[in-house]
Amino acid sequence: MHIRPATAADAADLVRFINMAADDLPLHFWQKSVGPTGDPWAYGAERAARESGNFSYKNAWLAEDQGEVAACLLGYPAEDPGPITADTPAIFAPLLELEGLAPGSWYLNVLATYAPHRGKGAGSALLAQAEH
């Protein structure tokens, strides 16, 4: 298992992992953002390819199994999110409140593995990387 930092070119894989880890909730919000005729996967990939933001590729590590992307860990230092605004979707309010209780900690947001690569140690290898 080879562990490496993600790059902007990995955005298509990153959005799949982000969506897997949150059980299709990101896809739902990306679809709402682009409307009925937009491409939610492309929108998510644009966000993952950004240089900044919590879901930036700069916060992600990938595990490769025999040269194929197998798994992802995405995490970042938790910061006080500040007051929850009126336009924040209600489903995110508890998460933001929880993040506000642990500023300065490290938040593991995504840990996901493609089905064919499960059981091969990718998740454990990524968690070991996160400890560094």
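Residue numbers run consecutively from 1 along every chain, following the written order of its sequence. Totals for whole chains, interfaces and linings use all residues, but because this is a predicted model, local features are given only for residues with pLDDT of at least 70 and pairs of side-chain atoms are given and counted only at 80 or more. Only hydrogens and water are set aside; all other atoms, that is, all heavy atoms of the structure, feed into the side-chain values.

Q: I tried to follow the overall build of the chain on my own but got confused; where do I start?
A: Each helix is a run of H or I in the DSSP string that is no shorter than four residues. Each strand is a run of E no shorter than two, and both are numbered from the N terminus. Looking only at helices and strands, the chain features five helices and four strands. From first element to last, N terminus to C terminus, the chain shows the α and β order β-α-α-α-β-β-α-β-α. Taking 2.2 N^0.38 as the reference for a compact globule, 132 residues should give roughly 14 Å; the C-alpha atoms of the chain span a radius of gyration of 15 Å, in line with that estimate. Projecting the C-alpha coordinates of the chain onto the three principal axes gives extents of approximately 45 × 40 × 25 Å. Burial classes: relative accessible area under 20% of the type maximum marks a residue as buried, over 50% as exposed, and values in between as partly exposed (1.4 Å probe, protein chains only). Scored against the burial criterion, the 132 residues of the chain give a buried share of 32%. Restricting to contacts in the chain with at least 6 residues of sequence separation, those with at least 24 account for 62%. Methods summary: accessible areas were calculated by the Shrake-Rupley approach with a probe of 1.4 Å, and residue burial reflects only the protein chains presented. Entry remark: accessible area of the chain is about 7,700 Å², with carbon and sulfur atoms responsible for 55%. All tallies of charge rest on Lys and Arg as positive and Asp and Glu as negative; His and the ends of each chain are not included. Each charge is placed at NZ for Lys, CZ for Arg, CG for Asp and CD for Glu. Charged side chains in the chain number 8 positive and 16 negative. The centres of these two groups are separated by 4 Å. A radius of gyration in this sense is built from C-alpha atoms; the matching globule rule multiplies 2.2 Å by the number of residues raised to 0.38. Residues are treated as being in contact if the distance between any of their heavy atoms lies within 4.5 Å.

Q: Explanation requested: the pattern of salt bridges in the structure shown.
A: A side chain with one charge may pair with a side chain of the opposite charge, provided their charged atoms come close. The salt bridge criterion pairs a side-chain nitrogen of Lys or Arg with a carboxyl oxygen of Asp or Glu, the two atoms within 4 Å. Inspection of the entire model under this criterion finds four salt bridges. The shortest N-O distance in the salt bridge between Lys58 and Glu51 comes to 2.9 Å. Asp65 is the salt-bridge partner of Lys120, the closest N and O atoms lying 3.0 Å from each other. Note that Lys120 is positioned in the loop between strand E4 (106-113) and helix H5 (122-131) and Asp65 in strand E2 (residues 60-65), a separation of 55 residues in sequence. One network of salt bridges, with partners in common, ties together Arg4, Asp10 and Glu64.

Q: Explanation requested: the pairing of strand E3 (residues 68-77) in the structure shown.
A: Within a regular beta strand, the side chains point alternately toward one face of the sheet and then the other, so they alternate between its two faces. Within E3, eight of the ten residues are buried, leaving the element largely enclosed by the surrounding structure. Inspection of the sheet shows E2 paired to E3 by six bridges, in the antiparallel sense. Pairing of Ala63 across the sheet is with Ala71, part of E3. The antiparallel pairing of E2 with E3 creates a hairpin that spans two residues between the two strands, and Gln66 there sits at a positive phi of about 55°. Any two strands with at least two DSSP bridges between them are considered paired.

Q: When you look at the packing of aromatic side chains in this model, what are you seeing that I'm missing?
A: Each aromatic ring pair is characterised by the separation of its centres together with the angle its planes make. Whether two aromatic rings pair depends on their centres lying within 6.5 Å, for rings of Phe, Tyr and Trp, where Trp uses its six-membered ring; planes under 30 degrees apart make the pair stacked, over 60 edge-to-face, and the rest tilted. Following the criterion strictly, the structure yields three aromatic pairs and no others. Arg16 extends its terminal NZ or CZ atom over the ring of Trp41, reaching a point 4.0 Å from the ring centre. Cation placement over rings: the criterion is NZ of Lys or CZ of Arg within 6 Å of the ring centroid and within 35° of the ring normal.

Q: Can you walk me through the nonpolar core in this structure?
A: Across soluble globular proteins, nonpolar side chains show a tendency to be buried alongside one another. With 19 residues, the main nonpolar core has Leu14, Phe17, Leu62, Cys72, Leu74 and Val110 as its most contacted residues. Mapped by element, the contributors of at least two residues to this core are helix H1 (11-21), helix H3 (40-48), E2, E3 and E4. For this core, the element with the highest residue contribution is H1, accounting for five residues. Discounting residues that sit within four places of it in the chain, Leu14 has contacts with Ala6, Thr7, Ala48, Tyr57, Ala60, Leu62 and Cys72. Here, nonpolar core means buried Ala, Val, Leu, Ile, Met, Phe, Trp, Tyr and Cys residues that are tied together by side-chain atoms lying within 4.5 Å of each other. In this structure, Ala63, Ala71, Leu73 and Ala122 belong to the second largest nonpolar core, which totals five residues.

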